[in-house]
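Given next are the chains, with one letter for each unit.
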Amino acid sequence: MIIILKKNAPKNEVDDLCKVIESQNIKINEVKGAHTTILGLIGDTHKIDTEAIEAQEIVESVQRVQEPYKGVNRKFHPENTLIDIGNTTIGNGDVAVIAGPCSIETEEQIIDTCMQVKAAGANLLRGGAFKPRTSPYSFQGLGDEGLKLFLKAKKATGLPIVTELMSLAHIDLFADVDIIQVGARNMQNFEMLKELGKCEKPILLKRGLANTIEELLMSAEYIFAGGNTKIILCERGIRTFETQTRNTLDISAIPVLKALTHLPVVVDPSHATGKYELVEPMSMAAVAAGADGLIIEVHNNPQKALCDGAQSLTPKHFGSCMDKCAQIGSVLGKKVGTL
Ligand code: PEP
Ligand code: MN
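Here goes a summary of the coordinates provided. One numbering rule holds for all chains: residues counted from 1, following each sequence as written. Ligands are numbered from 1 and chains lettered from A, in the order in which they are written. Under the rules for a predicted model, residues below a pLDDT of 70 receive no local features and side-chain atom pairs below 80 are neither given nor counted, while totals for whole chains, interfaces and linings still include all residues. As a convention, hydrogens and water are excluded, and side-chain values are obtained from all of the structure's heavy atoms.

## Focus on the sheet that holds strand 1 (residues 2–5)
Part 1 of the argument: The strand order across the open sheet built from four strands is 2-3-1-4, with neighbouring strands paired in antiparallel fashion. Unpaired on one side and paired on the other, strand 2 (27–32) and strand 4 (59–63) mark the two borders of the sheet. In this sheet, neighbouring strand axes are inclined to one another by 20° on average, regardless of whether the strands run parallel or antiparallel. What makes two strands pair is DSSP finding at least two bridges between them. The helix count covers DSSP runs of H or I at least four residues long, the strand count covers runs of E at least two residues long, and both are numbered beginning at the N terminus. Structural elements are reduced to axes, namely lines fitted to C-alpha atoms, with helices fitted over the stretch in contact, and the angle between N-to-C directions of any two is expressed from 0 to 180 degrees.

Spelled out as structure tokens, the structure:
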């Protein structure tokens, strides 16, 4: 339920109203916009008498919110959530670009790739140290060692880093990580989401392989309910009957999510397609459809990559992809990366 307050409602009367509501075991999320203040009620609001609230002098209107996600619902927070990381703001209307290899492999590979994506206009770096692989016999990532190498790349470039957390047992290793990624396979690891709700760092939450948009928003709600509102959603393709691409990129998820939630939405065209030649056109489509960011796999030698070489761009191709996306961005008045 949301309560829209009248402009200039006296603070003491608003406080009194909040006290009455909170005494019924309901949490209030107060959002002060430029023109209105909204009280978002989270909890079992069935017993609340909406007419009695609406009758109060300070109340403009009361609306029941049907959707099961409340805190991440745009009705609770009409303005976009902005997430500041270093010099970049995600969600401000521009397109933030996160780029780097699927996995951290060697010091030379991670630093060289990261320096090159920075030069091409990336705002943030990606790289996996703990990898969710379908086969237990595939390269599993360098783990703790990989994180150490990634921190060297962070230092060398001055750019913030994004990397995946596979287990809560590793969280202490993530102290210097700027954004924690929850991968597609962990989107419904509810215990992990609850813990990340208590954490201060922004979370990049990827859509599960076969999850609906509503399920993605419910997973984001777990993090939000714990108190961490710095959540970035990621569309990374979903399973369909189509076999020409690794997954099917759900481009319509971008405007759908932007309407349903105030959280920023980034797109991963690499895992969505599985083919390097599709990354540039899908990146352009994502920018055109209103994405707040892109997360793109780039490797300094894709043919030798230990993971996801077929979908990785060379640094040169990444540069051309950035230029094409910047052209789309300029039509829409959006900056893409640092270009
Ligand atoms: C990744 O980004 O490294 C990754 C494994 O992606 P996803 O969880 O979307 O499959
Ligand atoms: Mn990958």
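## What to know about the site of ligand 1
Part 1 of the argument: Taken together, Arg126, Lys131, Pro132, Glu164, Gln181, Gly183, Ala184, Arg185, Lys206, Arg236 and His271 are the residues near ligand 1.
Part 2 of the argument: Amino acids outside the nonpolar list (Ala, Val, Leu, Ile, Met, Phe, Trp, Tyr, Cys, Pro) and the charged list (Asp, Glu, Lys, Arg) are all regarded as polar, and Gly is one of them. Broken down by class, the residue content of the shell around ligand 1 amounts to two nonpolar, three polar and six charged. Any residue with a heavy atom positioned within 4 Å of a molecule or strand is treated as near that molecule or strand.

## Section: the nonpolar core
Part 1 of the argument: By nonpolar core is meant a set of buried Ala, Val, Leu, Ile, Met, Phe, Trp, Tyr and Cys residues that side-chain atoms within 4.5 Å join together. The classification of residues rests on relative accessible area computed with a 1.4 Å probe and restricted to protein chains. Under 20% of the type maximum is buried, over 50% is exposed, and intermediate values are partly exposed. Core analysis: the largest hydrophobic core is formed by 61 residues, its most contacted members being Leu205, Leu233 and Phe318.
Part 2 of the argument: A total of six residues in this core trace back to one element, the largest contributor, which is helix 6 (residues 213–225).
Part 3 of the argument: By the convention used here, residues are in contact when the closest approach between their heavy atoms is within 4.5 Å. Ignoring any residue separated from it by four or fewer positions in sequence, one finds Leu205 in contact with Val182, Met187, Leu193, Leu216, Ser219, Ala220, Ile223, Ile231, Ile232, Leu233 and Cys234.
Part 4 of the argument: The next biggest cluster of nonpolar side chains, apart from the first, holds 16 residues, and it includes Met1, Ile28, Leu41 and Ile53.

## Looking at the coordination of the manganese ion (ligand 2)
Part 1 of the argument: Metal donors were taken as nitrogen, oxygen and sulfur atoms no farther than 2.8 Å from the ion, or 3.2 Å where the ion is Na, K or Ca. Water is excluded, so coordination may look unfinished. Looking at the manganese ion (ligand 2), one finds its protein donor set to be Cys102 (SG), His271 (NE2), Glu297 (OE) and Asp308 (OD), positioned 2.0 to 2.4 Å from the metal centre.
Part 2 of the argument: The sequence motif formed by the donor residues of the manganese ion (ligand 2) is C-x168-H-x25-E-x10-D. Here Cys102 is found in the loop between strand 7 (96–100) and helix 3 (107–119), whereas its partner His271 is found in helix 8 (residues 269–273), with 169 residues between them in sequence.

## Focus on the packing of aromatic side chains
How two aromatic rings sit relative to each other is given by the distance of their centres and the angle of their planes.
Part 1 of the argument: The rule is short: rings of Phe, Tyr and Trp, with Trp giving its six-membered ring, pair when the centres are within 6.5 Å, and they are stacked under 30 degrees, edge-to-face over 60, tilted in between. Applying the stated criterion across every chain yields a total of two aromatic pairs.
Part 2 of the argument: A centroid spacing of 6.2 Å and a plane angle of 25° characterise the contact between Phe130 and Phe174, whose relative ring orientation is stacked. A residue pair is termed long-range when its members are at least 10 positions apart, and Phe130 in the loop between strand 8 (124–126) and helix 4 (144–157) and Phe174 in the loop between strand 9 (161–164) and strand 10 (179–182) qualify at 44 residues. Accessibility assignment for this pair places Phe130 and Phe174 in one class, buried.
Part 3 of the argument: Ring centres 4.6 Å apart and planes at 25° place the aromatic pair Phe190 and Tyr222 in the stacked group. Within this pair, whereas Phe190 is found in helix 5 (residues 190–197), its partner Tyr222 is found in helix 6, the two being separated by 32 residues in sequence.

## Digging into the sheet that holds strand 13 (residues 265–267)
Part 1 of the argument: Strand order in the closed barrel formed by eight strands is 7-8-9-10-11-12-13-14, and the pairing between neighbours is parallel. Sheet twist, expressed as the mean angle between neighbouring strand axes with direction ignored, is 25°.
Part 2 of the argument: Both strand 7 and strand 14 (residues 293–297) contribute to a ladder of five bridges, which runs parallel. Directly across from Val97, in strand 14, lies its bridge partner Leu294.

## Considering the packing of helix 6 against helix 7 (residues 253–260)
Part 1 of the argument: One can describe the packing of helix 6 onto helix 7 by two numbers: an axis separation of 11 Å at closest approach and a directional angle of 45°. On the basis of their axis angle, the class for helix 6 and helix 7 is oblique. Between helix 6 and helix 7 the crossing geometry is right-handed. Contacts between helix 6 and helix 7 involve Ile213, Leu216 and Leu217 from the first element and Ala253, Val256, Leu257 and Leu260 from the second.
Part 2 of the argument: Residue composition of the contact of helix 6 with helix 7, by class: seven nonpolar, no polar and no charged. Just so you know how the angles are binned, under 35 degrees is roughly parallel, over 145 roughly antiparallel, 65 to 115 roughly perpendicular, and the rest oblique. The hand of a helix crossing depends on one turn: near helix anticlockwise from the far one by less than a right angle means left-handed, and clockwise means right-handed.

## Here's the deal with helix 3
Part 1 of the argument: Multiplying 1.5 Å by the residue count of a helix minus one yields the expected span of that helix. Taking 1.5 Å as the rise per residue, helix 3 with 13 residues should run 18 Å; its terminal C-alpha atoms sit 18 Å apart, in good agreement.
Part 2 of the argument: Turning to helix 3, the residues buried within the fold contact strand 7, strand 8, helix 4 and helix 10 (315–332).
Part 3 of the argument: Immediately beyond the C-terminal end of helix 3, within one or two residues, lies Gly121, with a positive phi of roughly 115°.

## Here's the deal with the pairing of strand 1
Part 1 of the argument: The side-chain alternation of strand 1 yields two buried faces, one formed by Ile2 and Ile4 and the other by Ile3 and Leu5.
Part 2 of the argument: Alignment of strand 1 against strand 4, held across four bridges, turns out to be antiparallel. Across the sheet, the residue bridging to Ile2 is Gln63, located in strand 4.
Part 3 of the argument: Pairing geometry for strand 1 and strand 3 (residues 37–42), over four bridges, is antiparallel. Residue pairing for strand 3: Leu5 is matched across the bridge by Thr37.

## A short note on the state of the cysteines
Part 1 of the argument: Disulfides are defined as pairs of cysteine sulfur atoms found within 2.5 Å of each other. This model, assessed by the stated rule, comprises zero disulfides.
Part 2 of the argument: For the unlinked cysteine Cys307, the closest cysteine sulfur is that of Cys102, found at 3.2 Å.
Part 3 of the argument: Judged by relative accessible area, which is 5%, Cys307 ranks as buried.
Part 4 of the argument: Considering cysteine sulfurs only, Cys325 is the nearest to Cys321, which forms no disulfide, with 4.3 Å between them.

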